[in-house]
Amino acid sequence: MRRPLPESGPALLRAAVVLRRWWPEVVLGLGVALAILGPVLRRGYLLRYDLVFVPDPPFGAMVWGSGSELPRAVPSELLAVGLSQLVPGDVAEKALLAGCLALAAVGAARLAPVGHPLARVAAGLGYVWNPWVYGRLHLGQWAVVAGYAALPWAYAWVLGVLRPPPEGTGPSRHSAVAGGLAVVLGGPAMVLAAVLTCTPALALARRWRAVVAGAATLVGLTAPWLLALTDRGGAIDLDERGVAAFAARADTPLGVLGSVATLGGVWSRYAVPVGRDQWPVALLALVLAAAAVWGFVLTRRRWPSAAWWGLLVGAVLGTVIAVVPAWPGGAQWMTALVDHVPLAGAVRDSTRLLAPLALLQAVGLGMLVESLATTGARALAPLVMLAPILLLPGLAWGLGGQLDTVRYPVEWSAARAVVNQDPAGGSLVSLPWSSFRAYRWAGRVPVLDPAPRAFRRPVIGDQDVLVGRERIKGESRDSERVAAALAVPGDPGPALRRLGVRYVLIQTDQPDGAAVESRFVDAELVRRDGTLTLIRLSGGGSSGSARTVGIGPTLGYSVLGGTLLIALLYPATRRRRMLLSGTFCRRDHQ
């Protein structure tokens, strides 16, 4: 049994005790972050698909979710921008990425009911070193990885509710709430993954107070994007074609089900690790997945029955939801669900829900390695522990050299300074009309337009997403109006003025950039630099401030702050005990 931490004493002594007990996890967390992000830990920005950080980011419309598009970056953008106020933006970006990877590895290693150092490392390594994490890093979805990293900590809270550990050995209320907040960063999909992971175990144990307490806390933590979505108003027009476009696909010769069982199946063929399409690699990956599931079977006596069955049920449900859109009948059913339940479209990238299965396999892998290490087959334990790395070497060292750091051209800072210092209202339109860019100075890697994160005022750009040859329609009504104005031949300036546009930013280093600039005849040229042209539409915009935040986002972050204060600072009463641990203590004052 692990001895409890000392409740008092010098901080250095407590740190030494923690380090002595957690040294495999500490080494694992640091090693994983260094092995994956090593070449990009130097100064500079990592720009890749959804991963977009900018220098000196303002608390703009994207942070508050006050635009007409879906508030997908709430509240993750607030964390990114807030951290960038304390340290340079590129340092904040690396800290968040490394922190997500380290917390995922450490959380899984601590969750597995094993004591052998090799087994703990195997569990953490299996949770991080897999095709699921590779695909999300390739697509730049750092917030999704943050939600993924929080799942082991959330399930540790569930275990603490079902079987309270000795005083000082279980997860503290601070780590439980921090884990819940990290889950929220991943958006609706990772919140659903957390619900699938945690709720079945609590329900099987009939801990309804814990379910209610967890649900109340989760609602409070998700209030920023729930109320931002309400403040947006109107129906959510989701493109039904997105269900099929973002469905799981076979990235191995094993088909969709075999690909998903080995934690692959991501919708983008570019986000598939090299070698997954080879039979030997695919078969070995399937054998490892099956062995990990068998290892999880061995944990049945080490966990409460409800916890064991709960995680199994959550993993099965998540896997079923992930593969349903890939089947002809399932795609039609999911499309109908999106039509009647708009929020269902927020989880159309269904392979995100493989996170519970990844957690199950990680725990099982740790148990398998411990079984080998404590029997006559101990020579196989290191090989099984390293199997995830041997099957997926492309995750190492910046996805096999695909990741690199860049620096923004100086004209971006100059244009941002002009626009952000203008007190007049009105939005900014980013052209050419495309949601993704491919900058020569950034290695021609596809990346979301940085303009919405660089300017304080609302930025309107193309919200459509090109998946293969399929163009998936966005959800922004303002974007649709601007697109209609740009589609009319001639000078689009007068039509944009009527829509409240004050500035137009033309990125001339993109395809058709020069042609777009020539269309604006009656407009004031503010700046023309190497890669950017900034023009001001006379009479455009509104008289209001460009920094107005809606009541929905304001109320949402207020609820979030109140939830954190109640959870972390409220005195030790029965109400706080219910909120944090889902149980009542009848002898609080003894």
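Fair warning: this is a prediction, and the values are worked out from it, not measured in the lab.

Notes on the overall build of the protein
Turning to step 1, where the next piece is worked out: A tally of regular secondary structure across the protein gives 25 helices and nine strands.
Turning to step 2, where the next piece is worked out: Looking at the protein as a whole, 53% of its 590 residues are labelled buried.
Turning to step 3, where the next piece is worked out: Of the roughly 25400 Å² of accessible surface on the protein, a fraction of 64% belongs to carbon and sulfur atoms.

With respect to the sheet that holds strand β9 (residues 532-536)
Adjacent strands of a sheet form backbone hydrogen bonds with each other and so pair up, either parallel or antiparallel.
Turning to step 1, where the next piece is worked out: Pairing within the open sheet is mixed, and its five strands lie in the order β4-β1-β7-β9-β8. The open sheet has two edge strands with one neighbour each: β4 (459-460) and β8 (524-528).
Turning to step 2, where the next piece is worked out: Pairing analysis gives four bridges linking β8 to β9, with the strands arranged antiparallel. Counted as the bridge partner of Arg-527 is Leu-534 from β9.
Turning to step 3, where the next piece is worked out: Relative to the sheet, helix α19 (residues 410-420) contacts β1 (427-431), β7 (501-507), β8 and β9, its axis offset from that of β9 by approximately 15°.

Structural notes on the side chain of Asn-130
Turning to step 1, where the next piece is worked out: For Asn-130, the location among the structural elements is in the loop between α5 (117-128) and α6 (131-138).
Turning to step 2, where the next piece is worked out: Judged by relative accessible area, Asn-130 falls into the buried class, the value being 3%.
Turning to step 3, where the next piece is worked out: Of the polar contacts made by the side chain of Asn-130, one reaches the backbone nitrogen of Trp-132; its length is 3.0 Å.
Turning to step 4, where the next piece is worked out: In contact with Asn-130, other than residues within four places in its own chain, are Tyr-148, Leu-263, Leu-392 and Leu-395.

Focus on α6
Turning to step 1, where the next piece is worked out: In terms of residue burial, α6 counts as a mostly covered element, since eight of its eight residues are buried.
Turning to step 2, where the next piece is worked out: Listing the buried residues of α6 in full gives Pro-131, Trp-132, Val-133, Tyr-134, Gly-135, Arg-136, Leu-137 and His-138.
Turning to step 3, where the next piece is worked out: Backbone nitrogen of Trp-132 and a side-chain oxygen of the N-cap are separated by 3.0 Å at the start of α6; the cap is Asn-130.
Turning to step 4, where the next piece is worked out: Downstream of α6 by a residue or two, Gly-140 has a phi angle that is positive, lying close to 75°.

Examining the pattern of salt bridges
Turning to step 1, where the next piece is worked out: Inspection of every chain in the model, using the stated rule, returns 20 salt bridges.
Turning to step 2, where the next piece is worked out: The salt bridge partner of Arg-453 is Glu-77, with a shortest N-O separation of 3.3 Å. Linking Arg-453 in helix α20 (residues 451-454) with Glu-77 in helix α3 (residues 76-86), this pair joins segments that are 376 residues apart in sequence.
Turning to step 3, where the next piece is worked out: Its salt-bridge partner being Asp-464, residue Arg-471 comes within 3.2 Å of it at the nearest N-O pair.
Turning to step 4, where the next piece is worked out: Residue classification places Arg-471 among the partly exposed residues on the basis of a relative accessible area of 39%.

Structural notes on unusual backbone geometry
Glycine aside, residues mostly have negative phi angles, and peptide bonds mostly take the trans form.
Turning to step 1, where the next piece is worked out: For the bond from Val-74 to Pro-75, the omega torsion is 0°, close enough to zero to count as cis.
Turning to step 2, where the next piece is worked out: Within the secondary structure, Pro-75 sits in the loop between α2 (61-64) and α3.
Turning to step 3, where the next piece is worked out: Here the amide bond leading from Leu-431 into Pro-432 is cis, since omega sits at 0°, within 30 degrees of zero.
Turning to step 4, where the next piece is worked out: When you line up the elements, Pro-432 lands in the loop between β1 and β2 (436-437).
Turning to step 5, where the next piece is worked out: A positive phi angle, near 70°, is found at Leu-263, a position not held by glycine.
Turning to step 6, where the next piece is worked out: Turning to its location among the elements, Leu-263 is positioned in the loop between α12 (255-261) and α13 (279-298).
Turning to step 7, where the next piece is worked out: Look at Trp-397: it is not a glycine, yet its phi comes out positive at around 50°.

A few points about the environment of Pro-452
Turning to step 1, where the next piece is worked out: In this fold, Pro-452 is placed in helix α20.
Turning to step 2, where the next piece is worked out: Accessibility expressed as a relative area gives 22% for Pro-452, which makes it partly exposed.
Turning to step 3, where the next piece is worked out: Spatially, the C-alpha atoms of Pro-452 and Gly-60 are 8.1 Å apart, while their sequence positions differ by 392 residues.

Quick notes on the packing of helix α7 (residues 142-162) against helix α16 (residues 355-373)
Turning to step 1, where the next piece is worked out: Interaxial distance between α7 and α16 falls to 10 Å at its minimum, and their mutual angle equals 60°. The pairing of α7 with α16 is recorded here as oblique in orientation. Here the hand of the crossing between α7 and α16 comes out right-handed. Across from Tyr-148, Leu-151, Pro-152 and Tyr-155 in α7, the residues of α16 making contact are Ala-355, Pro-356, Ala-358 and Leu-359.
Turning to step 2, where the next piece is worked out: Residue composition of the contact of α7 with α16, grouped by class: eight nonpolar, no polar and no charged.

Focus: empty space enclosed by the protein
Turning to step 1, where the next piece is worked out: Under the definition given, this model contains five cavities of 30 Å³ or more.
Turning to step 2, where the next piece is worked out: One number sums up the size of the largest cavity: a volume of about 270 Å³.
Turning to step 3, where the next piece is worked out: The wall of the largest cavity is formed by 19 residues, among which Trp-129, Asn-130, Pro-131, Thr-262 and Leu-288 lie closest to the centre.
Turning to step 4, where the next piece is worked out: Those elements giving two or more residues to the lining of the largest cavity turn out to be α13, α16 and α17 (381-391).
Turning to step 5, where the next piece is worked out: By residue class, the composition of the lining of the largest cavity is 14 nonpolar, four polar and one charged.
Turning to step 6, where the next piece is worked out: Taken together, 14 residues form the lining of the second largest cavity, with Pro-131, Trp-132, Leu-263, Gly-264 and Val-266 sitting closest to its centre.
Turning to step 7, where the next piece is worked out: Residues that form the lining of the second largest cavity fall into these classes: eight nonpolar, four polar and two charged.

Some remarks on the packing of aromatic side chains
Turning to step 1, where the next piece is worked out: What the rule picks out here adds up to 16 aromatic pairs.
Turning to step 2, where the next piece is worked out: Ring geometry for Trp-64 versus Tyr-557: centroids 5.4 Å apart, planes at 85°, classification edge-to-face. Of this pair, Trp-64 sits in helix α2 while Tyr-557 sits in helix α24 (residues 551-569), placing them 493 residues apart in sequence.
Turning to step 3, where the next piece is worked out: Given the relative accessible area of 12%, Tyr-557 is considered buried.

A look at a nonpolar patch on the surface
Turning to step 1, where the next piece is worked out: A cluster of nonpolar side chains, contributed by Leu-204, Trp-309, Val-313 and Leu-317, occupies part of the molecular surface with about 330 Å² of accessible area.
Turning to step 2, where the next piece is worked out: With three residues, the single largest contributor to the nonpolar patch is helix α14 (residues 305-323).
Turning to step 3, where the next piece is worked out: Along the polypeptide, Leu-204 turns up in helix α9 (residues 187-204).
Turning to step 4, where the next piece is worked out: Judged by its relative accessible area of 48%, Leu-204 is partly exposed.

Conventions used here
Residues numbered from 1 in each chain as written. Predicted model: local features only at pLDDT ≥ 70, side-chain atom pairs only at ≥ 80, totals over all residues. Heavy atoms only, no water. Helix = DSSP H or I, 4+ residues; strand = E, 2+ residues; numbered from the N terminus. Buried < 20%, exposed > 50% of the residue type's maximum accessible area, 1.4 Å probe, protein only. Areas by Shrake-Rupley, 256 points an atom, 1.4 Å probe, with all protein chains shown as cover. Pairing = 2+ DSSP bridges. Contact = heavy atoms within 4.5 Å. Axes fitted to C-alpha atoms, helices over the stretch in contact; angles between N-to-C directions. Polar contact = N/O pair within 3.5 Å; in protein donor to acceptor, adjacent residues only side chain to side chain. Salt bridge = Lys/Arg side-chain N within 4 Å of Asp/Glu carboxyl O. Parallel < 35°, antiparallel > 145°, perpendicular 65-115°, else oblique. Left-handed = near helix turned anticlockwise from the far one by under 90°. Nonpolar A, V, L, I, M, F, W, Y, C, P; charged D, E, K, R; others polar. 1 Å grid on protein atoms, 1.4 Å probe; cavity = no way out; pocket = protein on both sides within 12 Å on 5 of 7 lines; lining within 4 Å. Points joined across faces, edges and corners; volume = space filled by probe spheres on them. Phe/Tyr/Trp six-rings, centres within 6.5 Å; stacked < 30°, edge-to-face > 60°. Patch = residues over 30% accessible without salt bridge, like charges linked within 9 Å, V, L, I, M, F, W, Y side chains within 5 Å.

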